[in-house]
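Topology and contacts: notes
Residue-level listing of the chains:
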Amino acid sequence: MGFLAQNISPNIEQWELEEEAFLKSVLSSLSPRRRLAALLSIGMVTAVEVSNRISVNVFLPDMQGNVGASSDEISWVIILYNVGYLCSIALAAWMTRVIGTRRHLLLSIALYAVGSMGCVTAHTLHWLLVSRLIMGFGGGAFLVRVVILSGMLFPGREKLAAVTRLYLLIAFFEVFYPVSTGWITDQVRWNYAFLIDFPFLAIGAFLIWKLLPPGFLFERKKGVHIDVWGAILLIASMACLETAISRGERDLWFESYWISLAIIAAAIFLIAFVWWEFRPENTAPVLHLRMVWRQGSLRASFFLVLIVGGFFGAGLYVTPQYLRFVQDYSATQAGGFISMYTFGLGVGIQITLRVLLPRLGPLRTMTFGFMALFATYLTIVYTTTPTTPTALLAPMIFLQGFSVAPALVAAGNIVTASATLADVNDISTSYFFVRQLGNTFAVTGATVLFDHRMTLHSSRLLDVANRLDPTLNSTLAQYAGLIHRNGGGGSNPSLGALQLFQNDVITQSRLLSYVDNYFGLAVLAAVALFIIAVSNIKSKLGPHHFLPW
């Protein structure tokens, strides 16, 4: 059973050849029906995680108000999930070799469910953050596994039909979840939005236990030790790095003793991890960096994969904040707009897989995606106002999701185009790790940029108001008159007018700050186009259309 077209590297190691032979013998014993059922079972759990990760941005303002957090503190709900997610992705390939794919998935579902239940019962910020960290550590396994197994279980032309079914399942959840969680937030409480996960997690766990073959995808040799030190060094490095980049701007970087210590520790742990993983005597490393380094496509497109992750992260973080804080939409209405984003993403993925990728190839498809993103974000910059009508907002958000799709699909195909069956596990894991790193950097960057620009725009607006003193006095007088007529005898027209004016300044400052974020994303798209123009990326369509989420 030929699973993937082979491009055997002259430097391929013996373990890769042995693993490939073992994989073929295991997978060829599964019937096509069982393979599809197993893939869709993992796909359902993946859909829950992806959809929940998208939907959390919709009710983030409600979380903030309920646990009494500042905008800085509540951003850690996203950041700590990403920390756990990054560590989980990094350990995914290794975990399947240590405990087996089925047990790895079931353990990840259990961790994700524990974290989700913690969010249901959370009433304090600290409990919420711990729960999100656990959720992320469980949730990072699903996307990587379903992508890798889709390539292993369905060779050649069978892959596209299987991926189409899998996508339709994930797309349904992506469109359904944001509106549903928003409605629950408006009608009851944001905590209960996490309860949607549990029926699907339970069904998915049962089906995975029944359908996925037990044991290991690779038969470990006796005497091969588990790479515990590699896992410890990687987790420590990621935790220190994420803490440093997330807190650095607010704590003035090297002026803070703790930030300096975190950056130094992250560098030391990362160098130690790379040294440990490259040692020839380390026969079971967490990431097979020796094999990954041989993949020229991954090295050449490293920064492009980072940027793709940044678009996927920052776009979904900024858009709901604008809808909730500037436009004043409810959680249900904001969820509807995010569903438009995911619907656009879904349509874009299907068109990319069936039209753009076969006709243009991965590199030109990626170029088209970045050009579309550049045009879309510039359009958003020049059309976004505090009162942009729904009829204009919805198509813009749809186009934002649609434009991300070609870059997502093409990046995955460029990285995995020449991968052999034994290498798919580690290469896909590395790809998603780098992409999620870009996602994390982008969310942190968007938060920092927003805080900086919010302060700048607020001071400038107040300065303009002071220079336009007659206009300011006239505006305050109109507000005071309105309050006097409608506020009753106990109202204070002067104080009320000042509060209304302050709210106007805050709203306008938020709007300009979000616009600056969109402009930053447009600049990032231009940078990506420049990297494509000057880099030497070899592009060819791989035999296994890569699932892009």
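I will try to describe carefully the structure that is included in this document.

Let us look at the overall build of the protein. Along the backbone of the protein there are 19 helices and 0 strands. Taken over 549 residues, the protein has a buried fraction of 56%. Per element, the accessible surface of the protein, about 22300 Å² overall, is 67% carbon and sulfur.

Take the side chain of Q350 next. As for its placement among the helices and strands, Q350 is situated in helix α15 (residues 331-383). Judged by relative accessible area, which is 18%, Q350 ranks as buried.

The contact between helix α2 (residues 32-55) and helix α8 (residues 158-187) brings their axes to 8 Å, and the two run at 35°. In the crossing of α2 with α8, the sense of the turn from one axis to the other is right-handed. For the contact of α2 with α8, the per-class residue count stands at 15 nonpolar, 6 polar and 4 charged.

Take the environment of G230 next. Along the chain, G230 falls in helix α10 (residues 228-247). Classification of G230 by relative accessible area gives buried; the value is 0%. Once you skip the residues sitting within four places of it in the chain, G230 turns out to touch F273, W276, E277 and V286.

Turning our eyes to something else, we now look at the environment of A533. Of note, A533 is situated in helix α19 (residues 493-534). Distance from A533 to T367, taken between C-alpha atoms, is 9.3 Å for residues 166 residues apart in sequence.

A word on the nonpolar core. Judged by nonpolar contacts, the single largest core of 143 residues is most densely connected at M63, F194 and F370. Considering each element in turn, this core owes the most residues, 16 residues, to helix α5 (residues 76-99).

Now for the pattern of salt bridges. In total, this model carries 3 salt bridges according to the counting rule given. Here R53 and E49 are joined by a salt bridge, their closest N and O atoms 2.7 Å apart. Here R53 pairs with E49, and both are found in helix α2, just 4 residues apart, close to one helical turn. Since its relative accessible area comes to 15%, R53 is described here as buried. Two residues, D516 and R453, come together in a salt bridge whose shortest N-O distance is 2.7 Å. Of this pair, D516 sits in helix α19 while R453 is found in helix α17 (residues 421-467), placing the two residues 63 residues apart along the sequence.

Rules and cut-offs
- Residues numbered from 1 in each chain as written.
- Predicted model: local features only at pLDDT ≥ 70, side-chain atom pairs only at ≥ 80, totals over all residues.
- Heavy atoms only, no water.
- Helix = DSSP H or I, 4+ residues; strand = E, 2+ residues; numbered from the N terminus.
- Buried < 20%, exposed > 50% of the residue type's maximum accessible area, 1.4 Å probe, protein only.
- Areas by Shrake-Rupley, 256 points an atom, 1.4 Å probe, with all protein chains shown as cover.
- Axes fitted to C-alpha atoms, helices over the stretch in contact; angles between N-to-C directions.
- Left-handed = near helix turned anticlockwise from the far one by under 90°.
- Nonpolar A, V, L, I, M, F, W, Y, C, P; charged D, E, K, R; others polar.
- Contact = heavy atoms within 4.5 Å.
- Core = buried A, V, L, I, M, F, W, Y, C linked by side-chain atoms within 4.5 Å.
- Salt bridge = Lys/Arg side-chain N within 4 Å of Asp/Glu carboxyl O.

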